[in-house]
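# What the coordinates show
Now for the letters of each chain:
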Amino acid sequence: MTTRPSEKDLAALKGTTVPVQGILDLFQVRVRDHRTVHLIAQALADSGLTTLPDFAVCGLRSSVDVVPLVSVPAQAGPVETAGEETDEALPSLPQRLLLSDLPSAKRGVRGVTLGNSLAHATFLMRTESFSQVPVTTGMAQIHGVVTWGSVARMYEAGKDATLENAMEKDSLPVADARQELFSALPVVREHGYLLVRGDDGCLSGIVTAADVTERFAGSARPFFIVGEIESLLRRCLGAALDEGSVKAVQTNKKPEHRTGQVSDLMFGDYLRLLDGDQAKQSLAQQADRNWEALKWPNMPREQFIGRLTRVKDIRNRIAHFDEKPLPARMIEELTAFAALLRAFVS
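Here's a quick rundown of the structure.

Cut-offs used in this document
- Residue numbers here run from 1 along each chain, matching the order of that chain's written sequence.
- This being a predicted model, a pLDDT of at least 70 is required before a residue's local features are given, and a value of 80 or more before pairs of side-chain atoms are given or counted; all residues contribute to the totals for chains, interfaces and linings.
- Note that water and hydrogens are dropped before the side-chain values are worked out from all heavy atoms of the structure.
- A run of H or I in DSSP becomes a helix once it reaches four residues, and a run of E becomes a strand once it reaches two; helices and strands are each numbered from the N terminus.
- Accessibility here uses a 1.4 Å probe with only protein chains present; expressed as a share of the type maximum, an area under 20% marks a residue as buried, one over 50% as exposed, and anything in between as partly exposed.
- Should any heavy atoms of two residues lie within 4.5 Å, those residues are considered in contact.
- To be clear on the numbers: accessible area is Shrake-Rupley with a 1.4 Å probe, and residue cover counts the displayed protein chains and nothing else.
- Residues enter a nonpolar core if they are buried and are Ala, Val, Leu, Ile, Met, Phe, Trp, Tyr or Cys, with the set joined through side-chain atoms within 4.5 Å.
- Here a polar contact is taken to be a pair of N or O atoms separated by no more than 3.5 Å, where protein atoms must pair a possible hydrogen donor with a possible acceptor and residues adjacent in sequence count only if both atoms sit in side chains.
- Salt bridge, as used here: a side-chain nitrogen of Lys or Arg that lies within 4 Å of a carboxyl oxygen of Asp or Glu.

Within the protein chain one finds 13 helices and nine strands. Considering the protein chain as a whole, with its 346 residues, one finds that 40% of them fall into the buried category. Long-range contacts, defined here as pairs at least 24 residues apart, represent 58% of the contacts in the protein chain between residues at least 6 apart. Carbon together with sulfur atoms contributes 53% to the accessible area of the protein chain, which is approximately 18,700 Å² in total.

Here it is in structure tokens:
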């Protein structure tokens, strides 16, 4: 349940930098969705405030500046609704990605000390599938890093097989967890890894090229699959339905703003176009006609609507800014539905 803070509490935010999670906690909001984002933004606006960047598109651990509304260029206000539940658009990616947004940057570090042998370090690398092991004192002082490449160079130079001779010591790639991720990518590309220090100055994790790839694959792939699904749905529906059928479900807009264009629909509108079991009888009857217009005689309608509803739920999970990656099963569901639609696009 959303709770609106007092005017005093809201006024106290002016000129402060606040974590996004702190704003949600103030309003007793668990997740950001279309309704809660609107309520928070409206409450801030009523107090003459807004946030930079927009709290609605930042990660929960990001911070925003609470500034006077008059200091920000005017933007289009929220679309008025006609009593129907509306979908929220998929969020844009956070405006700043930090190294700390990668799990490996805060997962901890397995290292060795100067008193350990080279065999100890390479055994750790083999058994834990590490490509590098830092040599530290208490995780605060970094003496060097042992990598498979540095071990190979030691043998090529004919040096004794010792930890000291196997370490990389010069120009070690080290960065603060609060550093922007994109500015650190050239270092990761050059060295293959990046040592990350936490707020206490100690090593908090190691970021590798594989970690970066995994993070973006897990985060971006669902966006692209959902985008493809929406594109395929619009192609199918746009080819089969007339403007009147589309306008009938554009109830989140004033009559004069209903375009009748499939490209202007929200995701929930696709269900209203096709679901014959929806509560509003007029829409249910129109949905029967719309389904006939698609000319999909071999498509089981009930199962299709069930899958489409499931995709909508997964899509909304993405839009609710859940920082955890989607489970593999959900990605498989999205992928399978996209493949199903491809077969019916003419």
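On we go.
By size, the foremost hydrophobic cluster in this structure holds 36 residues, and its most contacted members are Ile 229 and Phe 304. Where this core is concerned, the elements lending two or more residues are α8 (209-240), α10 (267-274), α11 (281-294), α12 (301-319) and α13 (328-342). The element best represented in this core is α8, accounting for seven residues. Apart from residues lying up to four places away in sequence, Ile 229 is in contact with Phe 267, Val 311, Leu 334, Phe 337, Ala 338 and Leu 341.

Here Arg 315 lies in helix α12. Within the structure, Arg 315 has its side chain in polar contact with the side chain of Glu 230 (distance 3.2 Å).

A few words on unusual backbone geometry. Although it is not a glycine, Ser 129 sits at a positive phi angle of roughly 55°. By the element assignment, Ser 129 lies in the loop between α4 (118-128) and β4 (132-137). On the basis of relative accessibility, which here comes to 66%, the residue Ser 129 falls in the exposed class. The backbone phi angle of Ser 171 is positive, close to 50°, even though this residue is not glycine. Within the fold, Ser 171 resides in the loop between β6 (167-168) and β7 (174-176). For Ser 171, a relative accessible area of 63% translates into the label exposed.

Attention now goes to the pattern of salt bridges. Inspection of the entire model under this criterion finds 13 salt bridges. A salt bridge links Glu 128 to Arg 110; the nearest nitrogen and oxygen atoms lie 3.7 Å apart. On the criterion of sequence distance, the pair formed by Glu 128 in helix α4 and Arg 110 in the loop between β3 (63-68) and α4 is long-range, its members being 18 residues apart. When its relative accessible area of 36% is taken as the criterion, Glu 128 is described as partly exposed.

Turning next to the environment of Gln 132. When you line up the elements, Gln 132 lands in strand β4. The class of Gln 132 is buried, set by a relative accessible area of 10%. Each C-alpha atom of the pair Gln 132 and Val 146 lies 5.5 Å from the other, and the pair is 14 residues apart in sequence. Setting aside residues no more than four positions away along its own chain, Gln 132 makes contact with Met 125, Val 145, Val 146, Thr 147, Tyr 193, Ile 206 and Thr 208.

That is the geometry; function is a separate question.
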